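Residue strings, one per chain:
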Amino acid sequence: MDYTRDGATYDDEYDPVTAVHRRFVARLIDSCPQGGTVLDAACGTGPYMGMVLGAGRHVVGTDQSAGMLGRAGTKHPSARLHQVGLQELAFEKAFDAAMCIDAMEHVPPEEWPLVLANFRRALRSGGHLYLTIEEVDRRELDRAFAEETAAGLPAVRGEDVREGTGGYHYYPGREQVRRWLAEAGFTLVDEADERLDGYGYHHVLVRAPEY
Ligand SMILES: C[S@@+](CC[C@H](N)C(=O)[O-])C[C@H]1O[C@@H](n2cnc3c(N)ncnc32)[C@H](O)[C@@H]1O
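Residues numbered from 1 in each chain as written. Predicted model: local features only at pLDDT ≥ 70, side-chain atom pairs only at ≥ 80, totals over all residues. Heavy atoms only, no water.

Asks: If you had to explain helix 6 (residues 112-122) to someone new, which residues and values would you point to?
Replies: Those residues of helix 6 that fall on the buried side of the exposure criterion are Trp112, Val115, Leu116, Asn118, Phe119 and Ala122. Buried residues of helix 6, viewed axially, fall in a sector of 155°; they line one side. Structurally, helix 6 contributes buried residues whose contacts are with strand 1 (37-41), strand 4 (95-100), strand 5 (123-135), strand 7 (169-170) and helix 8 (174-183). (Buried < 20%, exposed > 50% of the residue type's maximum accessible area, 1.4 Å probe, protein only. Helix = DSSP H or I, 4+ residues; strand = E, 2+ residues; numbered from the N terminus. Arc of directions from axis to C-beta. Contact = heavy atoms within 4.5 Å.)

Asks: Describe the environment of Gly126, with residues and values.
Replies: Within the secondary structure, Gly126 sits in strand 5. With a relative accessible area of 14%, Gly126 lands in the buried category. Note: C-alpha distance between Gly126 and Phe186 (60 residues apart in sequence) is 9.2 Å. Once residues within four sequence positions are removed from consideration, Gly126 is found in contact with Arg207, Ala208, Pro209 and Glu210.

Asks: Give a detailed account of the side chain of Asp102, specifying residues and quantitative values.
Replies: Its place among the elements puts Asp102 in the loop between strand 4 and helix 6. This buried residue, Asp102, is left without a salt bridge; Arg195 holds the nearest opposite charge, at 12 Å. At a separation of 3.4 Å, a polar atom in the side chain of Asp102 contacts the side chain of Tyr201. (Lys, Arg positive; Asp, Glu negative; His and termini not counted. Salt bridge = Lys/Arg side-chain N within 4 Å of Asp/Glu carboxyl O. Polar contact = N/O pair within 3.5 Å; in protein donor to acceptor, adjacent residues only side chain to side chain.)

Asks: Before we move on, could you go through the sheet that holds strand 1 and cite the residues and values that matter?
Replies: Taken in spatial order, the seven strands line up as 3-2-1-4-5-9-8 in an open sheet, and their pairing is mixed. Of all the strands in the sheet, the pair left with one neighbour each is strand 3 (80-83) and strand 8 (187-195). Taking the axes of each pair of neighbouring strands and ignoring which way they run, one obtains an average angle of 15° across the sheet. Looking at chain direction, strand 1 and strand 4 are connected through three bridges and run parallel. If you follow Val38 over to strand 4, its bridge partner there is Ala97. (Pairing = 2+ DSSP bridges. Axes fitted to C-alpha atoms, helices over the stretch in contact; angles between N-to-C directions.)

Asks: Which residues make up the packing of aromatic side chains, and what are the values?
Replies: One pass over the full model with this rule turns up five aromatic pairs. Considering the side-chain rings of Phe24 and Tyr130, the 5.2 Å spacing of their centres and the 25° angle between planes classify their relative orientation as stacked. A residue pair is termed long-range when its members are at least 10 positions apart, and Phe24 in helix 3 (residues 19-30) and Tyr130 in strand 5 qualify at 106 residues. Overall, the relative accessible area of 0% leaves Tyr130 in the buried class. A ring pair is formed by Tyr199 and Tyr201, whose centres lie 5.7 Å apart and whose planes are at 90°; its orientation type is edge-to-face. Residue Tyr201 is classed as buried on the basis of its relative accessible area, which comes to 6%. The side chain of Lys93 reaches across the aromatic face of Tyr211, ending 4.7 Å from its centre. (Phe/Tyr/Trp six-rings, centres within 6.5 Å; stacked < 30°, edge-to-face > 60°. Lys NZ or Arg CZ within 6 Å of the ring centre and 35° of its normal.)

Structure (structure tokens):
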């Protein structure tokens, strides 16, 4: 997948929104006061922005891909959009809530703590964060690791960088994600599992500390 090249036609080919995504976004919106602002990090073409705006909250979308942001801006002219990577987010106490949906699988393990610290800094006291963690069969990841190391690549278990698998993906285990979230100061509010065709999502709603 080349998000920049395919941004204009992405919505014609993919409909990634499931009932569980919608349920968690609705809960995130509920945690945000009327007139408050939600960060949609790695927003892509903005499939959840209509829910946020329709509920009377503002939305700020960020993404590294100009193509995806262009499409989001056409659909939601009132959304404020910034072309910036998850690793470079520099907002401070700017948001009542934040979400990062179907994108953390593109973040390598060594950058997860940095990205979570960026989310935490961006949130106001007690702000909620909704993340999805994509999951695939661990045997497939073992195969990927074996092939990558055999090819001399400096692979980490959980990474899939093989040709034809949609670009860089890293699938951390749940325990690892729980540890990273706790180290970043987040506490668990709710979680859910969703099995789809050949993969799944672990949906996680957490809360930043109050200050
Ligand atoms: C599968 S799409 C999901 C987009 C949207 N959140 C959704 O649910 O439809 C993944 C998005 O993550 C963005 N992305 C991937 N890695 C990123 C990074 N390091 N920083 C910012 N955006 C990133 C891509 O450009 C793409 O728009």
